[in-house]
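Each chain, letter by letter, is given below.
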Amino acid sequence: MSKLDAKATATRTIATTRIENGKPKFVYVIYIAAPIEKVWQALTDPKMTEQYWFGYRLKSDWKVGSHYVSEKDGVPPFDKGIVLECDPPRRLSYTWHPEHRDVLNEPHSRVTFELVPLENQVQLTIIHDEFETGSKVFERISGGWPRVLSSLKSLLETGHGLAPSWNDADKPWLRQAAGRCA
Amino acid sequence: MNPTGKPEFVYVIYIRTTAEKLWHALTDPELNRQFWFGYAQECGWKAGSPWRMLKPDGSVADSGEVVEIDPPRRLVLSWRNEFRPELHAEGYSRMTWLIEPQGEMVRFTVIHEMDRPQSKFIEAVSQGWPQVLSSLKSLLETGESLRRWQPAA
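Below you will find a few notes about this structure. (Residues numbered from 1 in each chain as written. Chains lettered and ligands numbered in written order. Predicted model: local features only at pLDDT ≥ 70, side-chain atom pairs only at ≥ 80, totals over all residues. Heavy atoms only, no water.)

**As for the pairing of strand E7 (residues 105–113) of chain B**
Regular strands show a simple pattern: their side chains alternate between the two faces of the sheet.
Residues and elements named next belong to chain B.
Logical step 1: Of all 9 residues making up E7, 7 are buried, and the element is well covered by its neighbours.
Logical step 2: Relative to E7, strand E1 (residues 8–15) is paired through 8 bridges, and the arrangement is antiparallel. Following the sheet pairing, Glu8 is matched in E7 by Glu113.
Logical step 3: For strand E6 (residues 93–102) and E7, the ladder comprises 9 bridges, and the chain directions are antiparallel. In the sheet register, Arg94 faces E7, and the bridge partner there is Glu113.
Logical step 4: Counting the residues in the hairpin turn of E6 and E7 gives 2 residues, including Gly103, whose phi is positive at 60°. (Buried < 20%, exposed > 50% of the residue type's maximum accessible area, 1.4 Å probe, protein only. Helix = DSSP H or I, 4+ residues; strand = E, 2+ residues; numbered from the N terminus. Pairing = 2+ DSSP bridges.)

**Description of the pattern of salt bridges**
Logical step 1: In total, this model carries 22 salt bridges over all chains according to the counting rule given.
Logical step 2: A salt bridge links Glu86(B) to Arg84(B); its shortest N-O distance comes to 3.3 Å.
Logical step 3: Glu86(B) sits in the partly exposed class, given a relative accessible area of 40%.
Logical step 4: Judged by relative accessible area, which is 35%, Arg84(B) ranks as partly exposed.
Logical step 5: Residues joined by salt bridges that share partners form a network here, namely Glu50(A), Arg57(A), Lys59(A), Glu71(A) and Asp73(A). (Salt bridge = Lys/Arg side-chain N within 4 Å of Asp/Glu carboxyl O.)

**Quick look at the packing of aromatic side chains**
Logical step 1: On inspection of all chains with the given rule, the structure shows 18 aromatic pairs over all chains.
Logical step 2: Residues Tyr68(A) and Tyr94(A) carry aromatic rings whose centres are separated by 4.6 Å and whose planes lie at 45° to one another, so their mutual orientation is tilted. Of the two residues, Tyr68(A) sits in strand E5 (residues 67–72) while Tyr94(A) sits in strand E7 (residues 91–96), which places them 26 residues apart along the sequence. One exposure class covers both Tyr68(A) and Tyr94(A), and it is buried.
Logical step 3: Connected via pairs of aromatic rings, a cluster forms that spans Tyr52(A), Trp53(A), Trp62(A), Tyr68(A), Tyr94(A), Trp96(A), Phe113(A) and Trp145(A).
Logical step 4: Between Lys55(B) and the ring centre of Phe83(B), over which it is positioned, the NZ or CZ distance is 3.7 Å. (Phe/Tyr/Trp six-rings, centres within 6.5 Å; stacked < 30°, edge-to-face > 60°. Lys NZ or Arg CZ within 6 Å of the ring centre and 35° of its normal.)

**A word on the pairing of strand E3 (residues 23–32) of chain A**
Residue and element names in this part refer to chain A.
Logical step 1: Within E3, 9 of the 10 residues are buried, leaving the element largely enclosed by the surrounding structure.
Logical step 2: Across 7 bridges, the pairing between E3 and strand E9 (residues 121–129) is antiparallel. The partner of Val27 across the bridge, within E9, is Ile127.

**Regarding unusual backbone geometry**
A negative phi angle is the norm for most residues apart from glycine, just as the trans form is the norm for most peptide bonds.
Logical step 1: Looking along the chain, the bond that leaves Pro88(A) and enters Pro89(A) is cis, with omega of -5°.
Logical step 2: As for its position among the elements, Pro89(A) is in the loop between strand E6 (75–87) and E7.
Logical step 3: Positive phi values are uncommon outside glycine, yet Asn120(A) reaches one of about 60°.
Logical step 4: Residues other than glycine seldom take positive phi values, yet Phe37(B) does so here, at roughly 55°.
Logical step 5: Among the residues examined, Phe37(B) registers a relative accessible area of 15% and is labelled buried.

**Looking at the interface of chain A and chain B**
Logical step 1: Of the residues lining the interface, 30 residues belong to chain A; the matching set on chain B comes to 27 residues.
Logical step 2: With both chains or domains summed, chain A and chain B bury close to 2,500 Å², and 57% of this area falls on carbon and sulfur atoms.
Logical step 3: Taken together, the connections running from chain A to chain B amount to 1 salt bridge.
Logical step 4: For the salt bridge of Arg147(B) with Glu119(A), the shortest nitrogen-to-oxygen distance reads 2.4 Å.
Logical step 5: For the interface between chain A and chain B, the tally reads 18 residue pairs in polar contact (both at pLDDT 80 or more).
Logical step 6: Listed by contribution, the elements that provide at least two residues to the side of chain A that touches chain B are strand E1 (12–14), E3, E9 and helix H4 (136–158) of chain A.
Logical step 7: Here the side of chain A that touches chain B takes 9 residues from H4(A), the largest share from any one element.
Logical step 8: Split into classes, the residues belonging to the side of chain A that touches chain B amount to 13 nonpolar, 12 polar and 5 charged. (Contact = heavy atoms within 4.5 Å. Buried area = accessible area lost by both parts, 1.4 Å probe. Polar contact = N/O pair within 3.5 Å; in protein donor to acceptor, adjacent residues only side chain to side chain. Nonpolar A, V, L, I, M, F, W, Y, C, P; charged D, E, K, R; others polar.)

Below is the structure:
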């Protein structure tokens, strides 16, 4: 292997993010003291997502090829993507479409959840990939997933998700999304 | 991001607690043993203090010293593995804890970096930190830490 090839194929661990072949990839692992069926339900049931995903209800029939939408009070639902894989309670994958005006020109990316049951706990891995180099969506999700997954763990272990540390007034892109859909 | 391409692990987790309680859990040997799967740190927690990570049997797993300390917000350690020759040979890594209160919770960031082009040590800690930090969050939020899970060799 030439020196250049070695450089191009090196996997660099940056944050919970990696650069593989020059493309950013987000990987985050968290361990949750809950049955695997509960963790699966938390990912796919809008009544559960609402409690940890800062009010967002993720709705779909979760069949491969189906759409899912994300909706929240005061924000009209927008098409967020297509279910790519669904193998309860082990694996879920869907496309992730930029829904905010400043990133609408970016192509969709891919989110994959992998659940592994361990003794009295679940290893939950999220992989968010298929980004273009320099993606703005990538920067945003790298900050967002640790909040969402920390809140998910709190909900399943204590009965209460975490409150968002921001409010919607701090997120101009949410208002833009609402404006676009209205 | 690390523009130089040096191996670096960064993990962010949000914990419903205060900065003071998190700092206490991180620096108290008894609480360490509860969430760190029986491991505990031994340190005077002052700039320049020697630092050691002890295994459950009391033997030294890692050693280093306190580079910077600002309780309950920030700690920087030099950190070298002392029980796996191939990791020990890589020398000292740099480990940073950042604690930022955000409303009812704390944003906790762990950065572990090594000043060389490739690092088996950073690969190893990248497997370990998510388990330790998940267990720490469980302990502070529920009173019970997680059991350690060992991946098959």
